[in-house]
Amino acid sequence: MQWEVVIGLEIHAQLNTKSKIFSGASTAYGAAPNTQACEVDLGLPGVLPVLNEEVVRMAALFALAIDANVSRHSVFARKNYFYPDLPKGYQISQFERPIVETGSIEIELEDGTRKIIGVTRAHLEEDAGKSLHEDFHGMTGIDLNRAGTPLLEIVSEPDMRSAQEAVAYMKKIHSLVQYLGICDGNMAEGSFRCDANVSIRPQGQKELGTRTELKNINSFRFVERAINYEVQRQIELIEEGGKITQETRLYDADAHETRSMRSKEEAMDYRYFPDPDLLPVVIDDGYLDACRATLPELPDAKRQRFIDEYALSVDDAGVLTSSRDLAAYFEATVVAAKGETKLAANWIMGEVIGGLNKSGLDITNSPLSAERLGGMLIRIADDTISGKIAKQVFEALWQSDEEADAIIESRGLKQVTDSGAIEKVIDEIIANNSGQVEQYRAGKDKLFGFFVGQVMKAMQGKANPAQVNEILKKKL
Amino acid sequence: MVLDSDKVKKIAHLARLGIKEEDIPGYAQDLNKILGLVENMSAIKTEAILPLAHPMEVAQRLRADVVTEVDQRVHFQKNAPAVEAGLYLVPKVIE
Amino acid sequence: MHTQTLAQISAALHAKKISSEELTRDYLTRIKSFDGSINAYITVTEEEAIANAQRADKLFAKGEAGALTGVPIAHKDIFCTQGVRTSCASKMLDNFIAPYNATCVAKLADAGVVSLGKTNMDEFAMGSSNETSFYGAVKNPWALEAVPGGSSGGSAAVVAAGLAAAATGTDTGGSIRQPAALTGVTGLKPTYGRVSRYGMIAFASSLDQGGSLTRSAEDAAMMLQAMAGFDAKDSTSIDKPVPDYSAELNHSLQGLRIGLPKEYFSEGLAAEVEQCVQDAITHYRKLGAEVVEVSLPHTDLAIPVYYVIAPAECSANLSRFDGVRFGYRCKDPVDLEDLYKRSRGEGFGTEVKRRIMMGAYVLSAGYYDAYYLKAQRIRRLIRDDFLQAFKNVDVILGPTTPTPAFNLAEKQKDPITMYFSDIYTIAVNLAGLPAISVPVGFVGGRPVGMQLIGGLFEEARLLNVAHKFQMETDWHLQTPILKADQ
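Because the structure is a prediction, the values reported are computed rather than measured.

(A) Region of interest: the interface of chain C and chain B. The partner chain B presents 51 residues to the 71 residues of chain C that form the contact. The contact between chain C and chain B buries some 5,300 Å² in all, and 68% of this surface belongs to carbon and sulfur atoms. Per-residue buried area on chain C facing chain B is highest for Met357, Arg377 and Arg380 of chain C; these three make up 14% of the total on that side. Remark: the boundary between chain C and chain B carries four salt bridges. One salt bridge connects arginine 383 of chain C with glutamate 57 of chain B, and the closest N-O pair in it is separated by 3.0 Å. Between chain C and chain B we count 20 residue pairs in polar contact (both at pLDDT 80 or more) in total. Mapped onto the side of chain C that touches chain B, the elements with two or more residues apiece are helix H9 (302-317), helix H10 (336-347), helix H11 (350-363), helix H12 (369-389), helix H13 (415-419) and helix H14 (426-431) of chain C. Ranked by residue count, the leading element in the side of chain C that touches chain B is H12 of chain C, at 12 residues.

(B) Quick peek at the environment of asparagine 95 of chain C. Along the chain, asparagine 95 of chain C falls in the loop between strand E2 (72-76) and helix H4 (103-110). Asparagine 95 of chain C sits in the partly exposed class, given a relative accessible area of 45%. Each C-alpha atom, one on asparagine 95 of chain C and one on valine 440 of chain C, is 40 Å from the other, the two residues being 345 residues apart in sequence. Among residues more than four places away in sequence, those in contact with asparagine 95 of chain C are Asn79 of chain B together with Gly327 and Tyr328 of chain C.

(C) Main features of the interface of chain B and chain A. Contacts between the two partners involve 33 residues from chain B, matched on the other side by 51 residues from chain A. The interface formed by chain B and chain A holds zero salt bridges in total. Our count for the chain B to chain A interface comes out at 23 residue pairs in polar contact (both at pLDDT 80 or more). Elements represented by at least two residues in the side of chain B that touches chain A include exactly strand E1 (62-63), helix H3 (73-77) and strand E3 (87-91) of chain B. Ranked by residue count, the leading element in the side of chain B that touches chain A is E3 of chain B, at five residues. Here the side of chain B that touches chain A is composed, by residue class, of 17 nonpolar, six polar and 10 charged.

Rules used in this analysis
- Residues numbered from 1 in each chain as written.
- Chains lettered and ligands numbered in written order.
- Predicted model: local features only at pLDDT ≥ 70, side-chain atom pairs only at ≥ 80, totals over all residues.
- Heavy atoms only, no water.
- Contact = heavy atoms within 4.5 Å.
- Buried area = accessible area lost by both parts, 1.4 Å probe.
- Salt bridge = Lys/Arg side-chain N within 4 Å of Asp/Glu carboxyl O.
- Polar contact = N/O pair within 3.5 Å; in protein donor to acceptor, adjacent residues only side chain to side chain.
- Helix = DSSP H or I, 4+ residues; strand = E, 2+ residues; numbered from the N terminus.
- Buried < 20%, exposed > 50% of the residue type's maximum accessible area, 1.4 Å probe, protein only.
- Nonpolar A, V, L, I, M, F, W, Y, C, P; charged D, E, K, R; others polar.

So far we have only geometry, and geometry alone does not tell us how the molecule works.
Following this line, the structure appears as structure tokens:
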């Protein structure tokens, strides 16, 4: 039997506001337990929520970016369930009238195929706190610092047909929310996480199979692995004559398996109803126009511009626009390097990204500024240093605050372009290697490289390679 | 009887209310009486009428995104039945 | 002094005929003497009251006192009062010391009032007789075998018995007006959104509104002046200027159009109660008002709609009482579910549990449209009835309750009969309108109240209409004869 995989994702993007969605408590990450849980977050008797204006603006930006409809009249609802990390016994969310409705986004797979994925809706809601399961005399500890942190839950259509598509979609949304400046995208801190709804059906069948929901997956790699595992589990189960139960499953990255959390039909009756403490959020055209005016250039547009403006390949433009900060770094480097786009692209994608990865940094805290990098690229372009020597210069730039010119100067790395000096060295080498010279002249062309190597070695790599080639050819 | 004892038990569970077995029939009886009263609503057709969630039909006011709260953990936790290391303690949560 | 109105007390304080401390001690003594049998207070904050009175006296000495400075009042125990137990008359919050002040408590404190303590009420404001309190029923000062009404029964009783000069209350379906009527005091429920709900423990959020119980409409104007106003912490608070209520009290009623809803003068209304209301109407005619009949055709649906919406909202509002962060926690829970079920099962009383279950049921899967949504649609019809009526009249007048105070335990067996004591008051909350209950006589020694309903934010007019009546009558000045305890 040929199986078709059907996947829909619910992405939770934490909106990077200063204060919480309904209170003035800080959203900063990593504070001591319950020190950022104010009376509203704790759900003390008598407290009331007031909506943070930033979350509305951020949701509107997202809607505009995916060509979605912004609800002119969206409503907050209470989602009722008991859990110790949910202080009020209900989560304030949006149900019937979400703020963002029906948008779409184009993804691109590794083989270059493109596909439109529908976004059913995106709604605002508050996050819950955290349960800490380390042992407090057999008790669980509750930290409510995260309670009330604003989330945008982005719900896709079940449009994805493979784990790869799901990852591509998730990456696309991840890059988009960062571009918009509405989410820091930090997956390790849980600022960007997703639930995946996975089902299978025989190829050609219309009706969807019973789905399972994989909870709280917080890395791209895990999304792929969790979905693939779950698909395999479902296929095996059905082929053995079993039935899929609609349930929530947890992906255990260590064991690399998904396991059942709770069966949906038994427990969950959320009793949604409009939150009477909050009024409808009304958005008008003027507000949307103002938001539209602040929309940054989005990833797809930026990539196309990079291809057109900098003559970059599709792949290089894709890498360099993968984040707004990286793209900005590239453009600043190009300016500093007086338009050396190719050099800038190669050095950033190679040495800079490599160096950042090695030290676990990202582009915003790179030890090497675009300006200093550009300074070095100018020196490559004008032949002051060779590409090989430039690696040494780069190393020094990375380790210090010095400018490229100062490094080249103080370490004497300047390329030798004086043909007299090069000729002198070449004459010596020819004189000292008569055997090789004879062989070369007899037709052993490969030995040319040997001579180049000898010259470079003698000149500590500083000779201009083009000149070395030219003079050697003449002399030999 | 709209609500039998089984249904009352389900609702009590949904609302996490511990109700003694012997009290269930009494609750069922009272809830059915109230539902009987509520049934009077069916006297009129309402499909064409918009629901009114709030007496004041105004829009939500928005708050500036400013941190206004300071740490009051010690103060707030004076009311807590069980805390340790700044955490609220509950019986072990099994996932 | 305890038989005087707030206005008179304030005048005496300003004239330095009495100090706030003397006055406060006088009330504290009266509470000790009489509250044992009435049970109107849950908590008396004697030391704080005296300290605050002394502070008020300093303001008088400095000439910095305002209209409410040094006046001893009481707060319904539903308002959070920092550092003072705030129980909502529930075992659930018997140990809860509020860590912050309700906006309206803070505003009154800023106005200089002295709080004597926290008044008894129906548990979480769910009840019409004050019998659902964890701390026992409140007795009607006019007849100790009778209920004072509810849920603000303690606040009504302290004002009626002269155990405070005024009191705060809350009204979700009549919880200020009904006890005011049953104890012969003046009870004002302002427009929804006029008084901040922040720090007022929620029962039904779209219906709850804070207000006052006082000896007179003039006093109610003074209280509202301090309590009303925009609060950024309450999304449902309305940003609208607060008029000078006291300045508006004396307008002539010449040409005022009063509407009598025919549905309020029908079957179920006790004849003697109707007579008292008719006498009041006669007074209004004499004052120059024009009286016309109006119709509120969906009146009989108000109770069904209310008993869907209020329980639905309360079922969610009361979920936060789970034994985790504050309040009652059962002994030795074996697991999480046991913690929830026993803490809530043991911490809440029967009526509260009944309403939570009712609310959970009407919101549950498959019933939402038939109950909750339908109720909200009819809510619009009820609201529109009033809007329609106010096209022709300035205020609506009727009885506050169908009967005078009933006896303790009389309606406890059947929740439904109890619910019907709010038949004239509930629709007002569904529509968010302001209304006031004013004493208009006695039946069998028990007080009778008249309700005046106004358009949105028409409190000034209501107070004016009530005040002019009180200038002509002395029903509001009657005081019960109390027997001291011991």
